Each structure stands twice: as C-alpha cells, then as structure tokens.
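# Understanding the architecture of this molecule
Residues per chain, in single letters:
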Amino acid sequence: MSRIGVFVCHCGENISATVNCEKVAKITGELKGVEFATDYKYMCSDPGQTLLKEAIKEHKLDGVVVAACSPRMHEPTFRKACAEAGLNPFLCEMSNIREHCSWVHPKDDLTTEKAQDLVRVMVEKVKKNKALNSIKVPVTKTALVVGGGIAGIQAALDIANCGHKVVMVERQPSIGGHMSQLSETFPTLDCSQCILTPRMVEVAQHPNITLYTYAEVESVDGFIGNFTVKIRKKSKSLDEHICTGCGLCTTKCPQKKIPNEFERGLGFRPAIYVPFPQAVPNKPVIDRENCTYYIKGKCKVCEIVCPVKAIRFDQEDEIIEVPVGAIVMATGFDVLKPDFFPEYGYGKYKDVIDGLAFERLASASGPTQGEIRRPSDGQVPKKIVFVACAGSRDPAKGIEYCSKICCMYTAKHAMLYKHKVHDGTPYVFYMDIRAGGKNYEEFVRRAIVEDETHYIRGRISTIYEKNGKLIVKGADTLMGAMPIEIEADMVVLATAGVANHGAEELAQTVHISYDPYKFFAEAHPKLKPVETNTAGIFLAGACQAPKDIPESVAAASGAAVKVASLFSKSELTRDPLVAVVNRQPAPVYSQCVGCFLCQSVCPYQAIEREEIKNRNGEVIKTLARVNEGLCQGCGTCVALCRTKAIDIHGYSNQQVYTEVMALLND
Amino acid sequence: MQEFEPKIVAFVCNWCTYAGADLTGTSRIKYSANVKIIRFPCTGRIDFMILMKAFENGADGIIVSGCHPNDCHYSTGNFHARRRWIVFRNLLNFTGIETERIQFSWVSAAEGFKWADVVNNTVKKIKEMGPNENYKKIAVSTLFNEEEIINE
C-alpha cells in the first residue's frame, strides 16, 4: 500500500485564479494510496519546500506528487528537496496544472476537474515509480585528438595544459595541416609559419602529449569516459628513435621527380622526404609507392648513406591500442578537385592554379622563394585574375554552401601580389563580398582602395589559352551584364572547401554523424556547436564546416573545455532514466529473443550483445544489453521491442499504460 | 441535451511539443480543456498499442505530436514515429476505426500558437464526429493484454 503525498501549489494567483486548489487537494486526498494532501501558496519557496520535507518525514511518504508549474521548470527543485528529506528523488513527480491548465483555460468547473485528472494521473504513475540511483561511469583522463592542424594543435595544447594526457594522431608525416602551407594570414598579414611553428614544436615537446604522425585511427570502441582506440602507425621505413633528422638521405635519394603534395605540385620531392623544412617531427619517411627499392628491388642508397643506420626496409605497420576518455575530431578540410572545372581549364592549363598553390608561390619557403612566377614558363605575371566562388554557392556543382574563407583569402592574394609585383594588375571576379569578422571588411577595402584591385561583380563563363595568354571571358553585372574579356597571364581559382577525403569512413569508424556534404555534424547548431551526438566526442575546426583560423582555434578551445570539464571528475554522474533489458532466472534468462531490432534503431549505439554461456562455455543465448553510459533515454527501442523485453526507467510500459488508464477512468 | 465533451489524450514528446504547450501557457493562449497531455521522452517511445489502450478506455480522440522532422532531440525518434504511424494507420483502416480520430502533428518548442490550433481543431473535429461508439462495437477484449503488464 502506497503512502503518497500530494502538494497543490497556488503559484500566488497564477493557478488559484482559475483552479480551485483546495478542492483539488481535497478530492485527490481521497484517492487510494494517498496519505497526505495539502495546498500551499508557493510550493517552490523555502517554506513550501520545508512543508514538503516535513510531510515526507512525518507521514513516512513513499511517493510525492507536486501539482504546480511545468516539470521542465521545477522538477529538479522538488526532486532535490525530496532527496534532502531522505526520499529517493525519482519517487517525485510533477503535475503541470499551470502551463497546461490554469493559464490556458477559463475559471470554471471543467478547469478544476482537468487539474484533478492531471494530479490523479501522476498519483497513479508515482505508484509505479522505482527508486533509482544516478549512474556512475568511470572516466579515463586521456584525450585523443585526431588531426594535427591548427585546430588539433590548439585543442591538444589546451587539454594538456589543464594537466591531462593527450594522444594526437596525424595522417601526414608532419603536423601543421593546411595552415603550414599558407604564406600570410588575413586580416593582419602575419606570416603563417611564424605563428604556427612554435605551436607545433610545443606539441612535440609537451610532456603530456604523445604524438603519432603518419598514423590513422583504425577503430573506436566503448563509450564516453571509456573509449578504446586502435591506431595504425604506418611504416615510415625507418627507426624514429635512432634517426637524427640530418637529412642526408633526402639529398642523396636518386628518385627526385615526385610532385610535391605540400607545394601543390609546383615542386618536386625525393622518395624519402620530409614534407617541409619546419616539419614536426623533422624526420623523413619513405614513400613506398615511388621508392626505387620497393619498385625494382634494388637501390638502398639511403641505407648506405645514413650515418646512424636508421633505415628499416622491412618495417611493418604497427597497431597500438590506447584507452581514452574523450575524443576531439580535428581532421580539417580539403579543396575541390580540378576535374570540377573543365570550363576554367584547371588541370589543363598550367597557369590556372588554385588558392593553395598561390599561397605556396607567395610563400618565402615555397618553390619560387616567394616570387610570384607563373608555373608554365617562370615569367612574372602582369595581369592576374582571381576567381571567387569557384565551386562554392553553386548548386550545379553540388556545393550549395558558402566556403566562407575565399572572399578573405582572395583579397589577401590580390594584396600579396600587388606588394610583390608593383606594376601588376589584379582582377577579382566575385558574386558577393562576404567579409563578416573583426577587421575583415576594412581589409577587403584596403585591397580595393590602397592596392588598386579591380573587383568585378560577375561570373566567368570560360577560360582558354591563346598566344601564351589566358583569355578570361566573363560579365560585369554592375554594368548591365556587360561582357568582359581579359588577357591574363595567370588565373587563381578560390576553390570551394570540401570535407576531407576519407571523412565519411572516419565518421563511421568513430560513430559520429555527418551532413550531406560529409562534414561532421554537431549535436546542436547553436547551443552545442562543438559536441557531437555521440557523448564524449567533440569537434574542432574545419571538419565541421569551412572555417577560418580564428574560428577553428576558438572551436578547438571550446572542445578542449568540454574535455577538461569531463575530466574534472573521476566519475560521470548521469540521470538513470535509461533503457534496461529485463532479466529472468535460468532457463529463460530474459524475455529478449535476440532479434536486435533495438540495435538497428538506437541512435547512440547503446545496445550491445551479451552472450549467456553454460558451464562448458558454450553460448546458449544471445541477449541485448543496454550500455548505461551511452543510452540517452529516448525509448525508441522500447516502442519497437516485439517481446516487451526492453523497458525504460521513468517512462516504463507499466507507467505509461497506468497513466492512460488513470486519465480516462475517473 | 448537454453538449458532447470529448475526451482527448495527447501523447507528446518532452523536448518539442511539451515545451511548445508550456509556451502556449506562458503566452496565455486559450484552448479547450478537453485535451490532457501525457509526457513521453520522444515520439519514438510511443508504442502505438497505447493508442488502442486509450480508445479501449473511452478516449474519443488522440493527438500524437513531437519535434519537426530533423529537429528530434534524439536525432531520429520522430522518423520512427512517423513510419510507425503510416503502418498503424493502415491497420486502423483495416479494423474499421476512423483514422480521423488520431491527429498526428509536429509542434516545436517555439510554436505555442500552433499547439492551441492543433488542440482546438482536433476538439472541433471530434465534436463533429461524436462519441467513439464505433470502437466499442469492434473491440474484442482478447485483443488486448496490457492489463497483464499493468498487474505484473
């Protein structure tokens, strides 16, 4: 027999103006199992809560219904009060007789009757409530950062500086990402390398950071606080611990004509190489696809010249396993492939290049030592056309979004060009100039006014070569779509930023969701911008959407704070309103028949397989089991279960059926 | 003769429609008192057998409402509910219960006005349809075994 207490709140006059609160308390006090019922002016006030606590103790209540405002407002308040009085907080329920009753109905008997109905429903529900304890999950205080660009670097340093261990995985032989390829950065024209490389070195030297370059995430298992990550360390074909990074092997390698990815194909590199001079770690790797030894079976020049004998031709990929508590995804972006632009001649004409290649041309450490020279013949271009929105905002190319960074870097390119080639003429074809950001609009204005860049609002129809010049045909839409033809020496396309290659597979490996463009999806576009739908996995930088450097850094620091707050306690506490699979004594074990439909609908991968074995170790039944650390309590599995084997605390089948019956039968 | 006052049960999700109904209250928008809300974590949690249970216990109409597609707090729960509703509607047609007695809708946490509209329109429609006598003719007690669940 239950001993339930009902407390009806007047909420000043908010409820009592239309609902007869005394009558509600009197009538519901006569319900079976109700031990005590009263009404009070303000239940949420201090004296109101004291009234509640004293009633729990005096009448030895085993369930409480507070009829007041929305549970979305004060459920935590009253549950806390119950806990302070020694009653399990999950034995307290609220009836919403303010937002759902007194405020929306006129003062009459029907309104009071509705309030009674709502209270009765909760009285019957609370009879079926179970005392629950918060779920505690241990936390491994090590974070995995995937990707070593500026976002990954920032996140790793922030987490490591909070005193937590960080494991960083980078796919390339060096960290640094796209930012290491840039010449100068908008809107201050800082040298990109100068601000980035100290950070890269800090990562390599930080006592809390373990860095794995030339490595990829192989698999992720587990859940928030308790992930197990397998990392594939690709063979570098040399012993990193012995190698001193002297670089002799890279100068002696006979294979020297491999297009350099870091220089966007504008330069060459050997088969054993360091991607760029400031690489971290500054140790070479052998590119097995292009190495003469791996192709023809003989050469080994690097092994012969190596003064410390660090080359290991027979080295194999190594798989290591690390336990981590949180994951930050910072895998960055990529730029559109050339085959998207047949009309612009990208890939066909050497002097049509993309923005990243122009960065390398303008970079002091680039293939031309910072002189702007066109790739075809090394001449200094006197007329140069920059094309904004090359792919972006173009439904025909399948990219409907704005890549956000191109307007700014195009203005920067025009400026850099003008600073280096004083008698040159830069043209920019644009759709709109989107320069939202601190000092951004002023920067574009400077490019137009001080550096005399010709901004032409219009798109380009075609580019073709004629007598060593690139003929650019377009229209000026601010001049009544007047056709324009420019004989340019070079064309730079501001190609759209797209999801990094392999982003989709990686998202599936780590179990996070992604959008139609394969960018990783945040849990909420406004209020949870760095969280993913998978608890314990966070996003930083351009893997989420195109972002500039300040935004990537801000997001990375945001993700780092999320990780640090997760690591601030040794145990996670969660509401126990999660699904549970029923268990019964042998030989039934459970109503669950192991169809795993629940697994197929769970958005959180919270359903696991559990094998029941007999004494001989043979599997006699396979059941579903809910991982309490992952379950968010949506209950989709419950509605789907054929055998009603799975149920959810707080909204159990018993509870909801009771509610419906109590509501309809007075 | 006294006017027919239908009993209508609303099954709503906690994150969108429940909050939307809270907003209706906060905005003091009036609606009919015939509708009473039962809160679920997500429309995906709503086992449609409970709709049958509501009819069995004398409900004249039912509202099922949750987050708009793509807005689900749990990513995909409302899609499951929508799919389930399509199948369930066919089942209702087969058994001869009027599907018009069930109103399926999306009401977000910002749509206080819409919730009042959904409620008032449903009440108006059910009043026109009259009491749910049809169900009582069709209902066969052996169809339902939820009492067993309750009395466990």
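On a predicted model such as this, the values are computed, not experimentally measured, just so you know.

### Examining the overall build of chain A
- Assigned secondary structure in chain A consists of 18 helices and 34 strands.
- Against the compact-globule benchmark of 26 Å for 666 residues, chain A has a radius of gyration of 33 Å, which places it well outside the compact range.
- Going through the 666 residues of chain A one by one, you find that 50% of them count as buried.
- Restricting to contacts in chain A with at least 6 residues of sequence separation, those with at least 24 account for 70%.

### Let's talk about the overall build of chain B
- Counting its regular elements, chain B contains 6 helices and 4 strands.
- Taken from N to C terminus, the helices and strands of chain B fall in the order β-α-β-α-β-α-β-α-α-α.
- In chain B, which comprises 152 residues, the proportion classed as buried is 52%.
- Long-range pairs, those at least 24 residues apart, make up 84% of the contacts in chain B between residues at least 6 apart in sequence.

### Some words on the interface of chain B and chain A
- Contacts between the two partners involve 38 residues from chain B and, on the opposite side, 37 residues from chain A.
- Counting only elements with at least two residues in the side of chain B that touches chain A, the list comes to α1 (17–26), β2 (35–40), α2 (49–56), α3 (77–95) and α6 (146–150) of chain B.
- Broken down by element, the side of chain B that touches chain A gets its largest block of residues, 6 residues, from α1(B).
- Class assignment for the residues of the side of chain B that touches chain A results in 18 nonpolar, 10 polar and 10 charged.

### Focus on the pairing of strand β22 (residues 425–430) of chain A
Residues and elements named next belong to chain A.
- Within β22, 5 of the 6 residues are buried, which leaves the element mostly enclosed by the surrounding structure.
- Note that strand β21 (residues 383–390) and β22 share 5 bridges and pair parallel. By the bridge assignment, Lys383 is partnered in β22 with Thr425.
- In this region the chain leaves β21, passes through helix α12 (residues 406–420) and returns to the parallel neighbour β22; the handedness of that crossover is right-handed.
- Two elements, β22 and strand β23 (residues 454–457), share 4 bridges in a ladder whose sense is parallel.

### Quick look at helix α11 (residues 355–362) of chain A
- By the criterion of burial, α11(A) is predominantly enclosed, with 7 of the 8 residues buried.
- Taken together, the buried positions of α11(A) are occupied by A:Gly355, A:Ala357, A:Phe358, A:Glu359, A:Arg360, A:Leu361 and A:Ala362.

### Side note on α3(B)
Residue and element names in this part refer to chain B.
- Counted at 1.5 Å a residue, the expected span for α3 with its 19 residues is 27 Å, and the 27 Å between its end C-alpha atoms agrees.
- All buried positions along α3 are accounted for by Gly77, Asn78, His80, Ala81 and Leu92. Along α3, the residues classed as buried sweep out an arc of 130° about the axis, all on the same side. Opposite its buried face, α3 presents the exposed residues Arg83, Ile86, Val87, Asn90, Asn93 and Phe94, each directed more than 90 degrees away.

### As for the confidence of the model for chain B
Residues and elements named next belong to chain B.
- The predicted model of chain B has a mean per-residue pLDDT of 87, with 88% of residues at 70 or higher.
- Per-element confidence in chain B is highest for strand β1 (residues 8–13), whose mean pLDDT is 96, and lowest for α6, whose mean pLDDT is 58.
- This complex was scored by the predictor with a pTM of 0.75 and an ipTM of 0.90.

### Quick notes on the sheet that holds strand β3 (residues 63–68) of chain A
Residue and element names in this part refer to chain A.
- Strands sit in the order β2-β1-β3-β4 across an open sheet of 4 strands; the sheet is parallel. The strands lining the two open edges of the sheet, one partner per strand, are β2 (34–40) and β4 (92–96). For this sheet, the mean angle separating the axes of adjacent strands, direction not counted, is 15°.
- Taken together, the 5 bridges between β3 and β4 define a ladder with parallel strand orientation. Paired with Ala68 across the two strands is Asn96, which belongs to β4.
- Seen against the sheet, helix α3 (residues 71–84) touches β3 and β4 and runs at an angle of roughly 150° to β4.

### Quick notes on the domain arrangement of chain A
- We note that the domain assignment places domain 1 (4–134), domain 2 (135–234 + 317–332 + 500–572), domain 3 (236–315), domain 4 (335–498) and domain 5 (579–648) within chain A.
- Distance from the C-alpha centre of domain 3 of chain A to the C-alpha centre of domain 5 of chain A: 52 Å.

### Comments concerning the sheet that holds β22(A)
All names here are of chain A.
- Spatially, the 5 strands line up as an open sheet ordered β20-β27-β21-β22-β23, and their pairing is parallel. At either margin of the open sheet sits one strand with a lone partner, and together these are β20 (352–354) and β23. For this sheet, the mean inter-axis angle between neighbouring strands, taken without regard to orientation, is 25°.
- Set on the sheet, α12 makes contact with β21, β22 and β27 (490–495); between it and β21 the angle comes to about 170°.

### Looking at unusual backbone geometry
Residues and elements named next belong to chain A.
- A cis amide bond, omega 0°, links Val280 with the succeeding residue Pro281.
- Along the chain, Pro281 falls in the loop between β15 (272–273) and β16 (285–286).
- A cis amide bond, omega 5°, links Ala586 with the succeeding residue Pro587.
- Summarising the element assignment, Pro587 is placed in the loop between β31 (579–581) and α16 (597–601).
- In this structure, Asn439 is a non-glycine residue whose phi angle is positive, near 65°.
- Locating Asn439 in the fold gives a position in the loop between β22 and α13 (440–449).

### With respect to the packing of helix α18 (residues 653–664) of chain A against α2(B)
- The interhelical angle for the contact between α18(A) and α2(B), taken along N-to-C directions, is 25°, at an axis separation of 9 Å. Judged by the inter-axis angle, α18(A) sits roughly parallel to α2(B). Where α18(A) crosses over α2(B), the two elements pack in a sense that is right-handed. Every residue of α2(B) that contacts α18(A) at A:Val656, A:Tyr657, A:Val660 and A:Leu664 is listed here: B:Ile50, B:Lys53 and B:Ala54.
- The residue inventory of the contact of α18(A) with α2(B), partitioned by class, reads 6 nonpolar, no polar and 1 charged.

### As for the packing of α1(B) against helix α4 (residues 112–129) of chain B
All names here are of chain B.
- At their nearest, the axes of α1 and α4 sit 7 Å apart, and the two run at 95° to each other. The angle between α1 and α4 falls in the class roughly perpendicular. Taken together, the residues of α4 that come into contact with α1 (itself represented by Thr17, Gly20, Ala21, Leu23 and Thr24) are Gly112, Trp115 and Ala116.
- Of the residues belonging to the contact of α1 with α4, the class tally is 4 nonpolar, 4 polar and no charged.

### Considerations on the environment of A:Ser102
All names here are of chain A.
- Its location among the elements puts Ser102 in helix α4 (residues 98–102).
- In sequence terms Ser102 and Ser16 are 86 residues apart; their C-alpha atoms lie 7.7 Å from each other.
- Apart from the residues within four sequence positions on either side, Ser102 is in contact with Asn14, Ile15, Ala17, Thr18, Val19, Ile97 and Thr111.

### Quick word on the environment of A:Ala521
Residues and elements named next belong to chain A.
- Checked against the element boundaries, Ala521 lands in the loop between α14 (503–510) and β29 (537–539).
- Owing to 18 C-beta atoms within 10 Å, Ala521 belongs among the partly exposed residues under this scheme.
- Between the C-alpha atoms of Ala521 and Cys543, which are 22 residues apart in sequence, the distance is 9.1 Å.
- Aside from chain neighbours lying at most four places away, what touches Ala521 is Ser513, Tyr514, Asp515 and Thr532.

### Re the environment of A:Asn500
All names here are of chain A.
- Among the structural elements, Asn500 can be located in the loop between β28 (497–499) and α14.
- Counting along the chain gives 240 residues from Asn500 to Asn260, while the straight-line C-alpha distance between them is 19 Å.
- Setting aside residues no more than four positions away along its own chain, Asn500 makes contact with Thr331, Gly332, Phe333, Asp334 and Cys543.

Calculation criteria
- Residues numbered from 1 in each chain as written.
- Chains lettered and ligands numbered in written order.
- Predicted model: local features only at pLDDT ≥ 70, side-chain atom pairs only at ≥ 80, totals over all residues.
- Helix = DSSP H or I, 4+ residues; strand = E, 2+ residues; numbered from the N terminus.
- Rg over C-alpha atoms; globule rule 2.2 N^0.38 Å.
- Buried ≥ 20, exposed ≤ 12 C-beta atoms within 10 Å, placed from the backbone.
- Contact = placed C-beta atoms within 7 Å.
- Nonpolar A, V, L, I, M, F, W, Y, C, P; charged D, E, K, R; others polar.
- Pairing = 2+ DSSP bridges.
- Right-handed = clockwise from strand over helix to strand, strands pointing away.
- Expected span 1.5 Å × (residues − 1).
- Arc of directions from axis to C-beta.
- pLDDT = per-residue confidence, 0-100.
- Axes fitted to C-alpha atoms, helices over the stretch in contact; angles between N-to-C directions.
- Domains from an automatic or database assignment.
- Parallel < 35°, antiparallel > 145°, perpendicular 65-115°, else oblique.
- Left-handed = near helix turned anticlockwise from the far one by under 90°.

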